[in-house]
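Here's the letter readout for the chains.
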Amino acid sequence: SGPYTATLGPNWSPISTTGFPLTSDPYGNLPEQVWIDGVAQKQIADGATPSAGQFSVNRSAHTITLGTSPSGKEVRVADLNNALTVSAQIELYGIGIRRYSPVVQEGLSALVYFGGTSQDSVVENCVFQDSGMVGINTARAITLRNITVQDCGNTGIQVTTANNFRMDRFVIRRCNRGLWRAQPHTAGIKVTRTEGLIAKDGLISDVPGAMGFWLDVSVTKSYALNISVDGATTMPGAPIMELGLHSELSDGGYYGGVQHYSWYVNCRVKNTKHAVKFLDAGYTNIANCKIESYASVGIYLQQDGRRNPGGRWEGTNTQGGNTGDPYVVPWVGFGTGIYNNDIGQGGLQVIAYHDPPSGTPLMLGWDFIDRIEGNWFRPAPPGSMVQLGRADGSRSSYNTLAALAATPTAVGIRGTKLGTNHQSNSAPSDSVAIELPEEITNMLGVPRGIKRVGPILPEPTATF
């Protein structure tokens, strides 16, 4: 008849929320995990009496109490922190890793951590699930292929200082089950301080209140190709995903006198608050994407007061770290290309503005944009097609393509930045599309010269 109490092995403490606050789950920082016949149980406050499907811990008595009778059932309690800490090159094939409760410390807050000289390691056909915090954390350039990360308490995959990191065919789903806030690093995948990233053919779904695919702090020459993000969630009462595709404090990168570009190509985003956001992120193109069912903004270009100081930076990033050369990645949002996208209705379709309007350069709306061409806009309610910022931080709205072509200099110099686009409720016509660079068609594996509005490739599959 209960209570069903047993001695708890590890003497764990709740995870600190200092600088990393929770949202609506007050107990999401409690580290223990329990499964009864494979069904995860919900942890409630220490010492509280659990109901069916719940459990609690008494830290002073070192006991754990179940609300569901364990009689005749298999009960599993996570009592290890990390499955693998990798400090040399390995190849990991066909392994499933689950049910660990990592402690929160640099790198080791994951089922699997790659450091040391583990660069060029390969992980293929593996599943990582039921981490109390992060699934995979790597500080080295490894290759992930045909991998699934699911049912994690926090972020699915964290990547930092991993130049030339590769990820091909992946599924990240049902993460942030602890309902941590998006800032400073909760996402399906978060990448920092990395050059030459390629992520291709992936699904990210059900990461409530967090980011989907997030490149943050001096990520350059990055390619996100054929990635689908669905921000809806199966967690009762949890919010939809904050952002689908997000570049922050990043750039294409200015190397050896050549300005490079980062790319989001052939991606799909739906059921998010904001679909795509570039914050202090320059020379990044979004092309052939389908953007729909967003609550607030479809494509959001913003500059705030931050600039790359060089050296080590703390700021709002509690981990700090080297920010890279400000000449290479200045954290300024010039040079955005918006090409061949199928932009649906939701809230605002496109925003570009400086908020708060401080720092140098002070950017007007058109200053963010390299070119807008080949896009298919749905007719929008007044004031919600394109909003461009003025010097005082306010925004002016342009609801038709003709109005956009007649913008005043108060929102920046348009010049030749506006190409042929279309606005209609009908299905997109490829007649307005432009060709993608050969570099991109080669990476996608599609014919050179193809012209298409919206995605060219079919949606990635969840099975490999």
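Conventions and cut-offs
- Residues numbered from 1 in each chain as written.
- Predicted model: local features only at pLDDT ≥ 70, side-chain atom pairs only at ≥ 80, totals over all residues.
- Heavy atoms only, no water.
- Helix = DSSP H or I, 4+ residues; strand = E, 2+ residues; numbered from the N terminus.
- Rg over C-alpha atoms; globule rule 2.2 N^0.38 Å.
- Buried < 20%, exposed > 50% of the residue type's maximum accessible area, 1.4 Å probe, protein only.
- Areas by Shrake-Rupley, 256 points an atom, 1.4 Å probe, with all protein chains shown as cover.
- Lys, Arg positive; Asp, Glu negative; His and termini not counted.
- Charge placed at Lys NZ, Arg CZ, Asp CG, Glu CD.
- Core = buried A, V, L, I, M, F, W, Y, C linked by side-chain atoms within 4.5 Å.
- Contact = heavy atoms within 4.5 Å.
- Pairing = 2+ DSSP bridges.
- Axes fitted to C-alpha atoms, helices over the stretch in contact; angles between N-to-C directions.
- Polar contact = N/O pair within 3.5 Å; in protein donor to acceptor, adjacent residues only side chain to side chain.
- Salt bridge = Lys/Arg side-chain N within 4 Å of Asp/Glu carboxyl O.
- Disulfide = S-S within 2.5 Å.
- Phe/Tyr/Trp six-rings, centres within 6.5 Å; stacked < 30°, edge-to-face > 60°.
- Lys NZ or Arg CZ within 6 Å of the ring centre and 35° of its normal.

Student: Can you help me understand the overall build of the protein chain in this one?
Tutor: Helix and strand content of the protein chain: 2 helices and 37 strands. Here the protein chain has a C-alpha radius of gyration of 23 Å; the compact-globule value for 464 residues is 23 Å, and the two agree. C-alpha atoms of the protein chain, sized along the principal axes, occupy 75 × 45 × 40 Å. The burial tally for the protein chain puts 56% of its 464 residues in the buried class. Summing over all exposed atoms, the protein chain offers an accessible surface of approximately 17500 Å²; the carbon and sulfur share of this is 50%. In the protein chain, 35 positive and 37 negative side-chain charges are present, and the distance between their average locations comes to 3 Å.

Student: Help me understand the nonpolar core in this model?
Tutor: Nonpolar side chains in soluble globular proteins tend to be buried together. With 71 residues, the main nonpolar core has Phe128, Ile157, Ile204 and Phe213 as its most contacted residues. Setting aside residues no more than four positions away along its own chain, Phe128 makes contact with Leu92, Ile97, Leu111, Val112, Val123, Ile136, Thr148, Val149 and Gln150. Within the second largest apolar cluster, 13 residues are counted, among which are Ala287, Leu436, Ile456 and Leu457.

Student: Honestly, the sheet that holds strand β6 (residues 63-66) in this entry has me stumped. Any pointers?
Tutor: The strands making up a sheet associate through hydrogen bonds between their backbones, and the pairing can be parallel or antiparallel. Overall, mixed pairing links the 4 strands, which are arranged β1-β6-β5-β4 in an open sheet. Each having just a single partner strand, β1 (4-7) and β4 (42-43) make up the two edges of the open sheet. Examined bridge by bridge, β4 and strand β5 (residues 54-58) share 2 bridges and lie parallel to one another. Among the inter-strand pairings, Gln43 is bridged to a residue of β5, identified as Phe55.

Student: Explanation requested: the sheet that holds strand β32 (residues 348-354) in the structure shown.
Tutor: One open sheet accounts for 12 strands, arranged β8-β11-β13-β15-β17-β19-β21-β26-β29-β32-β35-β36; its pairing is mixed. The sheet terminates laterally at β8 (84-88) and β36 (395-398), the two strands that pair on one side only. Mean inter-strand twist for the sheet, computed between neighbouring axes without regard to direction, equals 15°. Strand direction decides the pairing type here: strand β11 (residues 110-117) and strand β13 (residues 134-138), joined by 4 bridges, are parallel. The partner of Phe114 across the bridge, within β13, is Thr138.

Student: Sorry, what's going on with the side chain of Gln302 here?
Tutor: Note that Gln302 resides in strand β29 (residues 294-303). Here the side chain of Gln302 touches Lys277 through a polar contact of 3.0 Å, side chain to side chain. Those residues in contact with Gln302, other than ones at most four positions away along the chain, are Lys277, Phe278, Leu279, Asp280, Tyr353, Asp355 and Phe368.

Student: Help me understand the pattern of salt bridges in this model?
Tutor: Side-chain pairs of opposite charge can arise where the charged atoms are in close proximity. Tallying each qualifying case throughout the model produces 21 salt bridges. Its salt-bridge partner being Arg306, residue Asp280 comes within 3.5 Å of it at the nearest N-O pair. With Asp280 in the loop between β26 (272-279) and β27 (284-287) and Arg306 in the loop between β29 and β30 (336-339), this residue pair connects regions lying 26 residues apart in the sequence. Of the charged contacts in the structure, one is a salt bridge between Arg452 and Asp430, with a shortest N-O distance of 3.3 Å.

Student: Where do I start with the environment of Ile147 in this structure?
Tutor: Topologically, Ile147 is positioned in strand β14 (residues 143-150). The spacing of Ile147 and Ile440 is 293 residues in sequence and 24 Å in space, taken between C-alpha atoms. Sequence-distant contacts of Ile147, defined by excluding residues within four places in its chain, comprise Val123, Asn125, Cys126, Ile136, Ile157, Arg169, Phe170, Val171 and Phe464.

Student: How do you make sense of the environment of Pro330 when you look at a structure like this?
Tutor: Mapped onto the fold, Pro330 is located in the loop between β29 and β30. Separated by 79 residues in the primary sequence, Pro330 and Asp251 have C-alpha atoms spaced 7.7 Å apart. Here Pro330 is in contact with Asp251, Arg307 and Asn308, once residues within four sequence places are set aside.

Student: Looking at this structure, how should I read the state of the cysteines?
Tutor: Here, the word disulfide means a covalent bond between the sulfur atoms of two cysteines. The full count for this structure, using the stated rule, is 0 disulfides. The thiol of Cys152 is unpaired, and the distance to the nearest cysteine sulfur, on Cys175, comes to 4.2 Å. Of all cysteine sulfurs in the structure, the one in Cys289 sits closest to Cys267, which takes part in no disulfide; the separation is 4.4 Å. Under the relative-accessibility criterion, Cys267 is labelled buried at 0%.

Student: Help me understand the packing of aromatic side chains, please; the structure alone is not making it clear to me.
Tutor: The description of an aromatic ring pair rests on the distance of the ring centres and on the angle between the ring planes. Enumeration over the complete set of coordinates arrives at 6 aromatic pairs. Measuring from centroid to centroid gives 5.3 Å for Tyr254 and Tyr327, while their planes differ by 85°, and the two rings are edge-to-face. Remark: Tyr327 occurs in the loop between β29 and β30 and Tyr254 occurs in strand β22 (residues 254-255); sequence separation between them is 73 residues. Here Tyr254 falls in the partly exposed class, since its relative accessible area comes to 25%. Since its relative accessible area comes to 57%, Tyr327 is described here as exposed. Plain terms: the ring middles of Tyr264 and Phe278 are 5.7 Å apart, the flat faces sit at 25° to each other, and that makes the pair stacked. Highlighted residues: Tyr264 in strand β24 (residues 262-265) and Phe278 in strand β26, separated in sequence by 14 residues. Each member of the pair, Tyr264 as well as Phe278, carries the same accessibility label: buried. Connected via pairs of aromatic rings, a cluster forms that spans Phe213, Tyr264 and Phe278. The ring of Trp214 carries the charged tip of Lys190 above its face, separated from the ring centre by 3.9 Å.

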